[in-house]
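# Commentary on secondary and tertiary structure
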Amino acid sequence: MRQPNNPVHDRISQEVGDAPVVLFMKGTPVFPQCGFSAAVVQVLSALGVRFKGVDVLSDPSLREGIKSFSDWPTIPQLYVKGEFVGGCDIVREMYQTGELADLLKTHGIETQAA
Amino acid sequence: MGRVADGMMAKLRARFQPSRLELIDESARHAGHAGARPDGESHFHLIIVAEAFRGLGRVARQRLVHTCLAEDLAGPVHALSMETRAPEEAY
């Protein structure tokens, strides 16, 4: 849970507010370091949505902090307009059912679905 | 099934009384990756059908499983992908 006066949580709040779609992942969108992170990058790319990738491997405090921030024990984690959407399974399912495209549209986020 | 998987299955059965429960050890597919251990039991896929999931969204369902398996996820289990369904959604 988000804790006040936790500097890592403050930083994460800032990161998730920084762009409409933010993905906390292992590695970078160009060079993902984990299959699950790569799968989410693939979904976002397929939807043609611009997103910011945050590499948790670059900072151990971030890697631990993101888990308590969202009360979610695994990475990747996708945020849309500051709200936690889910990890790899959830993002993939929501892509397949069309819910992810709908969610992005609801928030006025541009996609270029092929 | 190994020791870690047996423990996870027992906790899931006790917590959810699932009508379907499958835990697949996919560690071999992740051999050599970060978090993989030489003795396996690091990467799992879970299929679980239980009443407890009825009416809950995807995030809430997975959180129930995370809570049930918190010790394992903080310990030997590096990755757990899952399909969580209420009985009427089962296939």
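The structure presented is a predicted model; accordingly, all values stated were derived computationally and were not measured.

Moving on: the sheet that holds strand E2 (residues 52–55) of chain A. Residue and element names in this part refer to chain A. Pairing is mixed across the open sheet formed by four strands, whose spatial order is E2-E1-E3-E4. Among the strands making up the open sheet, the edge pair consists of E2 and strand E4 (83–86). Sheet twist, expressed as the mean angle between neighbouring strand axes with direction ignored, is 30°. Note that strand E3 (residues 77–80) and E4 share three bridges and pair antiparallel. What sits directly across from Leu78, in E4, is Gly86.

So, on to the packing of helix H4 (residues 88–97) of chain A against helix H2 (residues 58–68) of chain B. Between H4 of chain A and H2 of chain B, the least distance of the axes is 10 Å, while the angle of their chain directions is 150°. One finds that H4 of chain A runs roughly antiparallel with respect to H2 of chain B. The two elements H4 of chain A and H2 of chain B meet at a crossing, and its hand is right-handed. Of the residues in H2 of chain B, those in contact with Asp89, Ile90, Glu93, Met94 and Thr97 of chain A of H4 of chain A are Arg58, Val59 and Gln62 of chain B. Classifying every residue of the contact of H4 of chain A with H2 of chain B by side-chain character gives three nonpolar, two polar and three charged.

Bringing the state of the cysteines into the picture now. Residue and element names in this part refer to chain A. Considering all chains together, one arrives at zero disulfides over all chains under this definition. You can see Cys34 has no disulfide; the closest cysteine sulfur is in Cys88, sitting 7.8 Å from it. The exposure class assigned to Cys34 is buried, which follows from its relative accessible area of 15%.

Moving on, we come to the packing of aromatic side chains. Residue and element names in this part refer to chain A. Applying the stated criterion to the full structure yields five aromatic pairs over all chains. Between Phe69 and Tyr79, the ring centres sit 6.1 Å apart and the planes meet at 55°, which makes this aromatic pair tilted. Placement of Phe69 in helix H3 (residues 60–70) and of Tyr79 in strand E3 is noted, with a sequence separation of 10 residues between them. By relative accessible area, Phe69 is classed as buried at 3%. Ring centres of Trp72 and Phe84 lie 5.0 Å apart, and the angle between their planes is 55°; on these two criteria the pair is classed as tilted. Here Trp72 is found in the loop between H3 and E3, whereas its partner Phe84 is found in strand E4, with 12 residues between them in sequence.

The rules behind these values
Residues numbered from 1 in each chain as written. Chains lettered and ligands numbered in written order. Predicted model: local features only at pLDDT ≥ 70, side-chain atom pairs only at ≥ 80, totals over all residues. Heavy atoms only, no water. Pairing = 2+ DSSP bridges. Helix = DSSP H or I, 4+ residues; strand = E, 2+ residues; numbered from the N terminus. Axes fitted to C-alpha atoms, helices over the stretch in contact; angles between N-to-C directions. Parallel < 35°, antiparallel > 145°, perpendicular 65-115°, else oblique. Left-handed = near helix turned anticlockwise from the far one by under 90°. Contact = heavy atoms within 4.5 Å. Nonpolar A, V, L, I, M, F, W, Y, C, P; charged D, E, K, R; others polar. Disulfide = S-S within 2.5 Å. Buried < 20%, exposed > 50% of the residue type's maximum accessible area, 1.4 Å probe, protein only. Phe/Tyr/Trp six-rings, centres within 6.5 Å; stacked < 30°, edge-to-face > 60°.

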